[in-house]
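Report on the structure
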Amino acid sequence: MSRVPRILEVRTRILKKNDELARQMRQEFLAAGVFVVNLVSSPGTGKTRLLEETLVRLQAQGWRVAAVVGDLETDNDARRLARSGAPVRQIQTHGCCHLEAHMVQEHLKGWILDSFDFLFIENIGNLVCPTSWDLGESLRVALMSVTEGEDKPLKYPGLFNTSDAVVITKTDLAEACEFSPALARQNLEAVRPGVPILETSAKTGQGVAQWVEFLCRRRGELLQPNRAPMTSLRP
Amino acid sequence: MHELSVAYHLVQTASEAARRAGAARVTCLRVRIGVLSCVHPDALEFCYELAAQGTPVEGARLVIEEVPVEVYCPRCRRQLPLKTIQKFCCPQCGRPTADVRRGKELELASIEIPSSHQHEDAPAKDVQGPPLEPPQEQPSQADSFPLASDSQESV
Ligand SMILES: Nc1nc2c(ncn2[C@@H]2O[C@H](COP(=O)(O)OP(=O)(O)OP(=O)(O)O)[C@@H](O)[C@H]2O)c(=O)[nH]1
Ligand SMILES: [Mg+2]
Ligand SMILES: [Zn+2]
């Protein structure tokens, strides 16, 4: 008789471990009232710069914020972000091109989640690799800068299609780069119909207030709708 | 090269499934990779060989099925394959749709393991083998993560 191999149906997600941890983290975040934002873009798009501005503005409104930032080797970004006064931790991945849920979890140890309203995760600068990894975030934001051209969404549909919002950064440079916001929006709409699109310049501050307002609105929709910032809750 | 991480998880998942089935080694893995999963089949294949070394999966053939993107159009009430992943719209009526039903999979579909008795004259019936049932539970449902491959069943 022949040695017919047996076929076992497995039907399991390959990243099941990551997905399950991320789901558990998401539940903990929501239970603690932390709105978690995962920022993804190519290197140099302006994640850190926008985040610096965001942390400052949210704190000025009384929100309690924190950030973890992924970097291949350095802690430059963490030091920049820490100037805002917010608690910040660096995740050094030593060559790994994306963050995974367990890396975030390890770097949250010792922090009391209940003491934050927002947690930002700055992912490794990369438009491909972070796509498949759920970090337990409530909002995944893809950033593209005007210096990268309008067709980034068409070149990386996987990432843009799985993002909940898009920020076009460095709009102060748009004219110099002959960047067409209309074309960029058209391309984004093509790969992710209906995605909210914001435009910011962290340098001039243009659009940053709308971005912060967008974050607060999304947080409100997901968590207690009528919850005001800490200052008005605790005099 | 996030494919190395993916390959490592793949090998773990397959080894685990083999262990549960009482098999010492695996001869073939079948995986399903959605076009939107951002995993490149060639890169995965390359990394897989590295990740498989010294595991029950070492030497097993890797068969990759690429899963095309399918979207649901609420107007046509149909799930149809996209013409291009650069435009998410209904291939029938052209209306934009963000309702992706297939194409984000990153899944180990099945493994092949040798049948337990190797003698040519052994009875064909695989008496001692464990039942032909999925060794693990199905992918769980209701995960809000957009990459969960659960929503692929048609509506
Ligand atoms: N003109 C202008 N420059 C900006 C703006 N935002 C960021 N930059 C500059 O762009 C460069 C990269 O910005 P970062 O914030 O470090 O970019 P990043 O996305 O965090 O980069 P990585 O962490 O390396 O992936 C810096 O020199 C910033 O000063 C902007 O709105 N306008
Ligand atoms: Mg940075
Ligand atoms: Zn249609």
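Residues numbered from 1 in each chain as written. Chains lettered and ligands numbered in written order. Predicted model: local features only at pLDDT ≥ 70, side-chain atom pairs only at ≥ 80, totals over all residues. Heavy atoms only, no water.

Turning our attention to the coordination of the magnesium ion (ligand 2). All names here are of chain A. Summarising the metal site, the magnesium ion (ligand 2) is bound by the protein donors T48 (OG1), D77 (OD) and E122 (OE), whose distances to it range over 2.0 to 2.1 Å. Look at where the donors of the magnesium ion (ligand 2) fall in the sequence and you get T-x28-D-x44-E. Here E122 lies in strand β5 (residues 118–122) and D77 lies in helix α3 (residues 76–82), a separation of 45 residues in the sequence. The burial state of D77 is the same as that of E122; both residues are buried. (Donors = N, O, S within 2.8 Å, 3.2 Å for Na, K, Ca; no water. Helix = DSSP H or I, 4+ residues; strand = E, 2+ residues; numbered from the N terminus. Buried < 20%, exposed > 50% of the residue type's maximum accessible area, 1.4 Å probe, protein only.)

On to the sheet that holds strand β7 (residues 165–169) of chain A, then. Residue and element names in this part refer to chain A. If you trace the seven strands from one edge of the open sheet to the other, you get β4-β3-β5-β2-β6-β7-β8, paired in parallel fashion. Bordering the open sheet on either side are β4 (88–92) and β8 (197–199), each of which pairs with just one other strand. Averaged over neighbouring strand pairs, the angle between their axes works out to 20 degrees when direction is ignored. Here helix α2 (residues 47–60) sits on the sheet and contacts β2 (35–40), β3 (65–71), β5, β6 (139–145) and β7; the angle it forms with β5, its principal contact strand, is near 170 degrees. (Pairing = 2+ DSSP bridges. Axes fitted to C-alpha atoms, helices over the stretch in contact; angles between N-to-C directions. Contact = heavy atoms within 4.5 Å.)

Turning our eyes to something else, we now look at the packing of aromatic side chains. Residue and element names in this part refer to chain A. A complete count under the given rule lists five aromatic pairs over all chains for this structure. Ring centres of W63 and F118 lie 5.4 Å apart, and the angle between their planes is 85 degrees; this geometry places the pair in the edge-to-face category. One end of the pair, W63, is in the loop between α2 and β3; the other, F118, is in strand β5, and 55 residues separate them in sequence. Taking the relative accessible area as the measure of exposure, W63 reaches 8% and is therefore buried. Residue classification places F118 among the buried residues on the basis of a relative accessible area of 0%. Plain terms: the ring middles of W111 and F116 are 5.3 Å apart, the flat faces sit at 75 degrees to each other, and that makes the pair edge-to-face. W111 gets classed as buried once you look at its relative accessible area, which sits at 16%. (Phe/Tyr/Trp six-rings, centres within 6.5 Å; stacked < 30°, edge-to-face > 60°.)

Going through the model one piece at a time under the given rule, you end up with 22 salt bridges over all chains. In the salt-bridge network here, residues are joined through shared partners; they are R11 of chain A together with R32, E65 and E107 of chain B. (Salt bridge = Lys/Arg side-chain N within 4 Å of Asp/Glu carboxyl O.)

Residue and element names in this part refer to chain B. Donor atoms from the polypeptide that coordinate the zinc ion (ligand 3) comprise C73 (SG), C76 (SG), C90 (SG) and C93 (SG), at 2.3 Å from the metal. By relative accessible area, C73 is classed as buried at 1%. Looking at C93, the relative accessible area reads 30%, which means it is partly exposed.

So, on to the site of ligand 1. Residues and elements named next belong to chain A. The full set close to ligand 1 counts 17 residues, and K47, T48, R49, D172 and A202 are the nearest of them. Here an oxygen atom of ligand 1 sits 2.9 Å away from a polar atom, N or O, in the side chain of D77. Within the side chain of R80, an N or O atom sits 2.9 Å from an oxygen atom of ligand 1. Protein contacts shield 75% of the accessible area of ligand 1, which totals 650 Å² for the unbound molecule. Mapped onto the shell around ligand 1, the elements with two or more residues apiece are α2 and α3. At three residues, α2 tops the list of elements feeding residues into the shell around ligand 1. Considered class by class, the residues forming the shell around ligand 1 number three nonpolar, six polar and eight charged. (Near = heavy atom within 4 Å. Polar contact = N/O pair within 3.5 Å; in protein donor to acceptor, adjacent residues only side chain to side chain. Areas by Shrake-Rupley, 256 points an atom, 1.4 Å probe, with all protein chains shown as cover. Nonpolar A, V, L, I, M, F, W, Y, C, P; charged D, E, K, R; others polar.)

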